[in-house]
Protein chains: 2
Amino acid sequence: MVNETQHTSSSSRSEGGSSSGSESSKDNSRCSTPVLDADRHERLREKMRRRQEAGDKWFSLEFFPPRTANAAVNLISRFDRMGAGGPLFIDVTWHPAGDPGSDKETSSMIIANTAVNYCGLETILHMTCCNQTKDDITGHLQKAKRLGLKNIMALRGDPAGEEWEEEVDGFNYAVDLVKHIRNEFDDYFDICVAGYPKGHPEAESYEADLRHLKEKVFAGADFIITQLFFQPETFLKFMKDCQAIGITCPIIPGIFPIQGYHSLRQLVKLSKLEVPQEIKDVIEPIKDNDAAIRNYGVELAVSMCRELLDSGMVHGLHFYTLNREVATTEVLKRLGIWKEDPRRPLPWAVSAHPKRRVEDVRPIFWASRPKSYIYRTQEWDDFPNGRWGNSSSPAFGELKDYYLFYLKSKSPREELLKMWGEELTGEESVFEVFTCYITGEPNRNGYKVTCMPWNDDPLATETNLLKDQLEKVNRRGILTINSQPNINGKPSTDPIVGWGPSGGYVFQKAYLEFFTSSEIVTALLKVLKKYELRVNYHIVNVKGQNITNAPDLQPNAVTWGIFPGREIIQPTVVDPVSFLSWKDEAFALWIEQWAKLYEEESPSRMIIQYIHDNYYLVNLVDNDFPLENCLWQVVEDTFELLN
Amino acid sequence: MVNETQHTSSSSRSEGGSSSGSESSKDNSRCSTPVLDADRHERLREKMRRRQEAGDKWFSLEFFPPRTANAAVNLISRFDRMGAGGPLFIDVTWHPAGDPGSDKETSSMIIANTAVNYCGLETILHMTCCNQTKDDITGHLQKAKRLGLKNIMALRGDPAGEEWEEEVDGFNYAVDLVKHIRNEFDDYFDICVAGYPKGHPEAESYEADLRHLKEKVFAGADFIITQLFFQPETFLKFMKDCQAIGITCPIIPGIFPIQGYHSLRQLVKLSKLEVPQEIKDVIEPIKDNDAAIRNYGVELAVSMCRELLDSGMVHGLHFYTLNREVATTEVLKRLGIWKEDPRRPLPWAVSAHPKRRVEDVRPIFWASRPKSYIYRTQEWDDFPNGRWGNSSSPAFGELKDYYLFYLKSKSPREELLKMWGEELTGEESVFEVFTCYITGEPNRNGYKVTCMPWNDDPLATETNLLKDQLEKVNRRGILTINSQPNINGKPSTDPIVGWGPSGGYVFQKAYLEFFTSSEIVTALLKVLKKYELRVNYHIVNVKGQNITNAPDLQPNAVTWGIFPGREIIQPTVVDPVSFLSWKDEAFALWIEQWAKLYEEESPSRMIIQYIHDNYYLVNLVDNDFPLENCLWQVVEDTFELLN
């Protein structure tokens, strides 16, 4: 009977009888985190295997590094948007001419770093080896490892001159790079290599090229991504040929949705591929009609992808996006593999740095600024796992440079001025900006306020639940920057407040965070006495004067989830110690993001400066999550006391 | 305004302005546990101070070590019962003639160790110093520290002969011991010394004795417990005299409720105290009427204690119990300082060993055998705090000796035989024993079954909630040994399922653990397929065959609490790894506690042996705590399938 079931295991000991002793030594397969999502704990090759075993089709996205800092800001937003569709990974190409390993915000290294750390994307960094010394390569790899990158696409790259010359003691082929990575970094990196469905243009023959590919795999590559191709049978033949000579690792077809006449020509030139006549026949007549070409390209890609997936041999599709969004997204949506409503593993955006794998608690303060939080905690060696109180290092790094490209507002100065006011006339005009942001209605000059210094995105769906009350209080000078409703056990699959695996229940304590004047704080403190046992508060001004009723500097869990067969997860806390780091950032944003839009000494600037210098930052938690949120009543009582 | 509030603090930095940087270094006052009850984290002297500041009256209890192993078992039960009344501490006396520092189960050292580790009581170990070498004393102190004892009552002790001779280079006075402890152990121990309200009988004078007391305090003693006295004014005068010469530490009056004529005479002889004539006058005429003397003693003690407490100078009362329960309990109840319904800081009995201070998660399996759990984890260096998964060492020690006195059943063999059957006729007679334990009704021979091998106490109040269903399933061979109902957010002050500080909410997943035959397990497994997403199960036999649907060996939290201003506490988990250690213990208890009551080869013994060899131990968790417990339906379905 026992052996009929799936989950049977027999302990290695079988003393039986009446023996009373027992020891169960630490099982190394246990990890210290509840593994809410296996994705955070698996290597890329394991993820591929698991998806394949589950019959789960996936996709990945290729990007090249941007040329300008502004383009980098846009690319990062694109990572966030396209990341929401659920790619298994993205990859960033490597162009030796562009200083790809440098610290420039446009380098391949830094873009890949940003994708991993700040966008939470599994990322492959391309790396070419020809014309580089071993030390250079090792340096790049060490840097990649330090930054949390775990996957390398090992490429030869293009030779410096026209003629190909072998270098003695250098890297001549991608296989040399694969061997070098395995020699120097053991099994740390997952390694991907390129496959050429039509054979590499420089190879002696298609067969010779297949043998080269086999060498790369046997040298330690984990999977293959192919060069683009135009016909599904090209790939399927290639795959069978690979298998025939003993290549068993995953082979992922590279898909190139044709997006325009010129980009196609350029790519064809670079890759030395030939465009089939039937495609040329369609394209040539419409070559000046971008929309028509793109539509055709999407059609073509969808039908090719369908054929590949239907073959049963293909489990994932790799897209050459050319850093564009529309065509690839369209193809993916039509294939039905774009995730419309991706499940959130945790209520906040996780980072993909391996050292943050166990991280499952964060202070609520950075809810709308996760990249800033990741930046300020990047030097931490340990991340809180289970308990915030366990964090070995709650010391936050400084945030001096508000213009780090991954923290920068998507909106340019002129737009911000339109939203937040070309000219402020008093504190009330600031109240108005906050109110318009909440309501979504245009300000007095007809512009919608779609972002704030503390939040670069429009109001979250969840916050929308509180919209009416938020509007009321912002109008009167309770300038809210963060809030959540109380939740008493909704399903973890709830489209608005749900997170984590299905079958669970999520909970929240009501939270409200706002700036307000000292007059309001005085009244508020009197009101809070009535709520002493129910509401925890922290009230602080820019100078650090700090008023709180939190017991013993303990963190207060405000979001938690109960899941089948798991320990409790409490991903969000109100932590009194980190609040003091957050307040520095929150107050500074008044100046850095808002005041500095105006001339020095200008009345507008002085109004923001006054608020910065005199207002308090307040947070309130209603501990009685099963009852109706009392925080609105607290605010109501405060206004009443003031009248 | 800010300065008007109580909780004002100003951060040491006050950069102000638009400075954007911030660092908040780790605050050392934060600890890694949520400090559910300050009691677990404070030293005894801090507890005293906090109670005094809160105007909270307390009591403590003095015991002497027992003479026999049986008496030790009884004394430990008494610790558990009297511990429930909420003493601030207990203390254990030291008698050099009785090998007090040895490993014997009756030694002062081991009794104090048991009180701390297994009964969770703050404990003071007495220690005398005369006629002992420094090395002996240091050895005793080191051992006490190793065992988790944190408080020493430093005494001189009685000289060996009739005549008092000073030893050169030895300990001659308690003050020498106090100094030695402070020299060798710094501030590790809290030190208590004895005060003599009438002066020490050997002192030159009352005043000289006060000066000696001051010396002891100034040498490092933290508080004073006095010798017994018969009149409140004796103590109050003594206290004022102490204060007059600069003794400011707490002075705790020693209360001796007269419990019998002979014990009084003996104590008077030993302490060289004189019984006031008015007491003699009452007692002499009733000296043969124990009840009358005890009643008088209780009256006298109550009225004396009231007078002391009313004086405003006394915050705690120390009782010389003479290892008896009735009189002291009666006095405490009449004074209103016996806690009738002590709040449970956690759902299980905590240990007072300092290294277990942070412990706040345990597997549910040992719920009825907390002393066994503590014993088997005594070698752990770290205790799970917040997450069970964090436990650095889930390796359980062996439990070979089921007759360790603090694990021993309170009932002797003859009683067990009456409860569990002088002669078993088959598995059904075992079912009957389980059923009678659940129902509380007498078995076929007219005896109530008040304990089981897995549970030395009658059914818990909480389990009573499930009584009807438990009865039904035990009758049919689902032999339950542990269970809890599901709870969806009851107040933490709930008298039955509540725990932790007030103002919180407690939750539970329904749990059921039982032994049952392989036929039932076969049917059960078929039924469980229908509940795959809802019910987690672990099914194991004595040989270690293990069937489970738990994901990745993850623990499942089955009891948790949400409190104001705290992180989530999840004190009880179903942990797949520890379950295998528990199953060894659970199966062995059949043999050790039950089978061995019968002759070898006897039919009764063979029945138990058969069950031990062939039954399975099953645990079930219903993850859907907000819904009606489905585990009864699972069992119902199983029986239906069998029919």
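Predicted, not measured: the structure shown is a model, and the values here were computed from it.

Asks: Any chance you could break down the overall build of chain A for me, citing the residues and the numbers?
Replies: The helix and strand inventory of chain A stands at 20 helices and 19 strands. Its C-alpha atoms give chain A a radius of gyration of 28 Å, within 12% of the compact-globule value 26 Å for 643 residues. The proportion of buried residues among the 643 residues of chain A is 60%. Counted over contacts in chain A with a minimum sequence separation of 6, partners at least 24 positions apart contribute 73%. Carbon and sulfur atoms provide 47% of the accessible area of chain A, an area that totals close to 26,600 Å². Here chain A holds 72 positive side-chain charges and 92 negative ones, and the gap between their average locations is 2 Å.

Asks: Help me get a handle on the sheet that holds strand β12 (residues 487-491) of chain A, residues and values and all.
Replies: Residue and element names in this part refer to chain A. One open sheet holds the 5 strands; their spatial order is β10-β18-β17-β13-β12, and the pairing between them is mixed. Looking at which strands have only one partner, the edges of the open sheet turn out to be β10 (362-363) and β12. Where β10 meets strand β18 (residues 569-574), 2 bridges bridge the pair, whose relative direction is parallel. Residue pairing across strands places proline 363 opposite valine 573, the latter belonging to β18.

Asks: Go over the domain arrangement of chain A, please, and point to the residues and values.
Replies: All names here are of chain A. As assigned here, chain A comprises domain 1 (38-335) and domain 2 (406-642). Here the C-alpha centre of domain 2 lies 43 Å away from the C-alpha centre of domain 1. Taken together, the contact between domain 1 and domain 2 spans 6 residues of the former and 4 residues of the latter. Three residues, Val73, Ser77 and Tyr118, lead the burial of domain 1 against domain 2; their summed loss comes to 64% of the area buried on that side. Counting across the domain 1 and domain 2 interface gives 0 salt bridges. Applying the counting criterion to the domain 1 and domain 2 interface returns 0 residue pairs in polar contact (both at pLDDT 80 or more).

Asks: Which residues make up the pattern of salt bridges, and what values go with them?
Replies: Residue and element names in this part refer to chain A. All chains considered together, the criterion is met by 61 salt bridges over all chains. Residue aspartate 103 is joined to lysine 143 by a salt bridge in which the shortest nitrogen-to-oxygen separation is 2.5 Å. Placement of the pair is aspartate 103 in the loop between β3 (89-92) and α3 (108-117) and lysine 143 in helix α4 (residues 134-146), with a sequence separation of 40 residues. Residues arginine 182 and aspartate 222 are paired through a salt bridge, measuring 3.0 Å at the closest nitrogen-oxygen approach. With arginine 182 in helix α5 (residues 174-185) and aspartate 222 in the loop between α6 (206-218) and β7 (223-228), this pair connects stretches of sequence that are 40 residues apart. For the pair formed by arginine 182 and aspartate 222, the shared burial category is buried.

Asks: Describe the pairing of strand β4 (residues 123-128) of chain A, and please don't skip the residues or the numbers.
Replies: Residue and element names in this part refer to chain A. Among the 6 residues of β4, 6 are classified as buried, and the element is accordingly described as predominantly covered. Covered by surrounding structure in β4 are Thr123, Leu125 and Met127 together with Ile124, His126 and Thr128, the residues of both alternating faces. As defined by bridge partners, β3 adjoins β4 across 3 bridges and the pair is classed as parallel. Bridge pairing in β4 places aspartate 91 opposite isoleucine 124. Chirality of the crossover, the property in question, places the unit of β3, α3 and β4 among those that are right-handed. When β4 meets strand β5 (residues 151-155), the two strands line up parallel, connected through 5 bridges. From the neighbouring strand, methionine 127 faces β5, where its bridge partner is alanine 154.

Asks: Could you give me a rundown of the environment of leucine 617 of chain B, with the residues and numbers involved?
Replies: Residues and elements named next belong to chain B. Assignment of secondary structure puts leucine 617 in strand β19 (residues 616-622). By relative accessible area, which is 0% here, leucine 617 ends up buried. Expressed as a C-alpha distance, the spacing of leucine 617 and glycine 489, which sit 128 residues apart in the sequence, is 30 Å. With residues near it in sequence (within four places) discarded, leucine 617 still touches Ile481, Glu513, Phe514, Phe515, His538, Ile539, Val540, Phe579, Trp582, Lys583, Ala586 and Phe587.

Asks: Provide a residue-level description of a negative patch on the surface, including the pertinent values.
Replies: All names here are of chain A. A cluster of like negative charges, contributed by Glu233, Glu278, Asp281, Glu284, Glu307 and Asp310, occupies part of the molecular surface. Mapped by element, the contributors of at least two residues to the negative patch are α9 (277-283) and α10 (290-310). With respect to the helices, strands and loops of the structure, glutamate 233 is situated in helix α7 (residues 232-244). On the basis of relative accessible area, glutamate 233 is assigned to the partly exposed category, the value being 46%.

Asks: How would you sum up the packing of aromatic side chains? Please name residues and give values.
Replies: Evaluation of the coordinates by the stated rule reveals 64 aromatic pairs over all chains. Measuring from ring centre to ring centre gives 5.1 Å for phenylalanine 625 of chain A and tyrosine 505 of chain B, while their planes differ by 70°; the resulting arrangement is edge-to-face. With phenylalanine 625 of chain A in the loop between β19 (616-622) and α20 (631-642) and tyrosine 505 of chain B in strand β13 (residues 505-508), the pair connects residues from two separate chains. As far as burial versus exposure is concerned, phenylalanine 625 of chain A and tyrosine 505 of chain B are alike and both buried. Relative to tyrosine 373 of chain B, the ring of tryptophan 366 of chain B lies with its centre 5.3 Å away and its plane at 55°, an arrangement referred to as tilted. When sorted by exposure, tryptophan 366 of chain B lands in the same class as tyrosine 373 of chain B, which is buried. Pairwise contacts between aromatic rings join Phe365, Trp366, Tyr373, Trp380, Phe383, Trp388, Phe396, Phe579 and Trp582 of chain A into one cluster. Over the face of the ring belonging to phenylalanine 639 of chain A we find arginine 476 of chain A, whose NZ or CZ atom lies 4.0 Å from the ring centre. Here the basic side chain of lysine 214 of chain B rests over the ring of phenylalanine 218 of chain B, its NZ or CZ set 5.3 Å away from the ring centre.

Asks: Lay out the state of the cysteines in plain terms, naming residues and giving numbers.
Replies: Throughout the structure, instances matching the rule amount to 0 disulfides over all chains. Free of any disulfide, cysteine 119 of chain B has its nearest cysteine sulfur in cysteine 451 of chain B, 18 Å distant.

Asks: Give me the packing of helix α7 (residues 232-244) of chain B against helix α10 (residues 290-310) of chain B: which residues, what numbers.
Replies: All names here are of chain B. It is at 9 Å that the axes of α7 and α10 come closest, and there the two elements cross at 30°. Classified by the interaxial angle, the pair formed by α7 and α10 is roughly parallel. Relative to α10, the crossing made by α7 is right-handed. Touching Pro232, Glu233, Phe235 and Leu236 of α7 are Met304, Glu307 and Leu308, all from α10. The residue inventory of the contact of α7 with α10, partitioned by class, reads 5 nonpolar, no polar and 2 charged.

Asks: Could you give an account of unusual backbone geometry, with specific residues and numbers?
Replies: Not every positive phi belongs to a glycine, and aspartate 99 of chain A is a case in point at roughly 55°. Backbone geometry at asparagine 131 of chain A places phi at a positive 65°, although glycine is not the residue there.

Asks: Could you give me a rundown of the environment of valine 268 of chain A, with the residues and numbers involved?
Replies: All names here are of chain A. The residue valine 268 is located in helix α8 (residues 261-271) in this model. With a relative accessible area of 18%, valine 268 lands in the buried category. Measuring from C-alpha to C-alpha, the distance between valine 268 and serine 578 comes to 54 Å, with 310 residues separating the pair along the chain. Setting aside residues up to four positions removed in sequence, valine 268 forms contacts with Phe230, Leu273 and Val275.

Asks: Any chance you could break down the sheet that holds strand β2 (residues 58-63) of chain B for me, citing the residues and the numbers?
Replies: Residue and element names in this part refer to chain B. A barrel is described by the order of its strands in space; here 8 strands give the closed sequence β2-β3-β4-β5-β6-β7-β8-β9, paired in parallel fashion. With strand direction ignored, the average angle separating the axes of adjacent strands in the sheet is 30°. Bridge count between strand β5 (residues 151-155) and strand β6 (residues 190-195): 4 bridges; the pairing is parallel. Pairing of alanine 154 across the sheet is with valine 193, part of β6.

Asks: Break down the nonpolar core for me, with residues and values.
Replies: Counting 340 residues, the largest nonpolar core has Trp454, Trp590 and Trp594 of chain A together with Trp454, Trp590 and Trp594 of chain B as its most contacted members. Not counting residues up to four positions away in its chain, the partners in contact with tryptophan 454 of chain A are Ser368, Arg369, Phe434, Ile481, Phe515, Trp582, Ala586, Leu589, Trp590 and Trp594 of chain A.

Asks: Can you tell me about the environment of cysteine 192 of chain A, naming the residues and giving the values?
Replies: Residues and elements named next belong to chain A. You can see cysteine 192 is positioned in strand β6 (residues 190-195). C-alpha of cysteine 192 to C-alpha of serine 351: the two residues are 159 residues apart in sequence and 22 Å apart in space. In contact with cysteine 192, other than residues within four places in its own chain, are Ile124, Ile152, Met153, Ala154, Phe223, Ile224 and Ile225.

Calculation criteria
Residues numbered from 1 in each chain as written. Chains lettered and ligands numbered in written order. Predicted model: local features only at pLDDT ≥ 70, side-chain atom pairs only at ≥ 80, totals over all residues. Heavy atoms only, no water. Helix = DSSP H or I, 4+ residues; strand = E, 2+ residues; numbered from the N terminus. Rg over C-alpha atoms; globule rule 2.2 N^0.38 Å. Buried < 20%, exposed > 50% of the residue type's maximum accessible area, 1.4 Å probe, protein only. Contact = heavy atoms within 4.5 Å. Areas by Shrake-Rupley, 256 points an atom, 1.4 Å probe, with all protein chains shown as cover. Lys, Arg positive; Asp, Glu negative; His and termini not counted. Charge placed at Lys NZ, Arg CZ, Asp CG, Glu CD. Pairing = 2+ DSSP bridges. Domains from an automatic or database assignment. Buried area = accessible area lost by both parts, 1.4 Å probe. Salt bridge = Lys/Arg side-chain N within 4 Å of Asp/Glu carboxyl O. Polar contact = N/O pair within 3.5 Å; in protein donor to acceptor, adjacent residues only side chain to side chain. Right-handed = clockwise from strand over helix to strand, strands pointing away. Patch = residues over 30% accessible without salt bridge, like charges linked within 9 Å, V, L, I, M, F, W, Y side chains within 5 Å. Phe/Tyr/Trp six-rings, centres within 6.5 Å; stacked < 30°, edge-to-face > 60°. Lys NZ or Arg CZ within 6 Å of the ring centre and 35° of its normal. Disulfide = S-S within 2.5 Å. Axes fitted to C-alpha atoms, helices over the stretch in contact; angles between N-to-C directions. Parallel < 35°, antiparallel > 145°, perpendicular 65-115°, else oblique. Left-handed = near helix turned anticlockwise from the far one by under 90°. Nonpolar A, V, L, I, M, F, W, Y, C, P; charged D, E, K, R; others polar. Core = buried A, V, L, I, M, F, W, Y, C linked by side-chain atoms within 4.5 Å.

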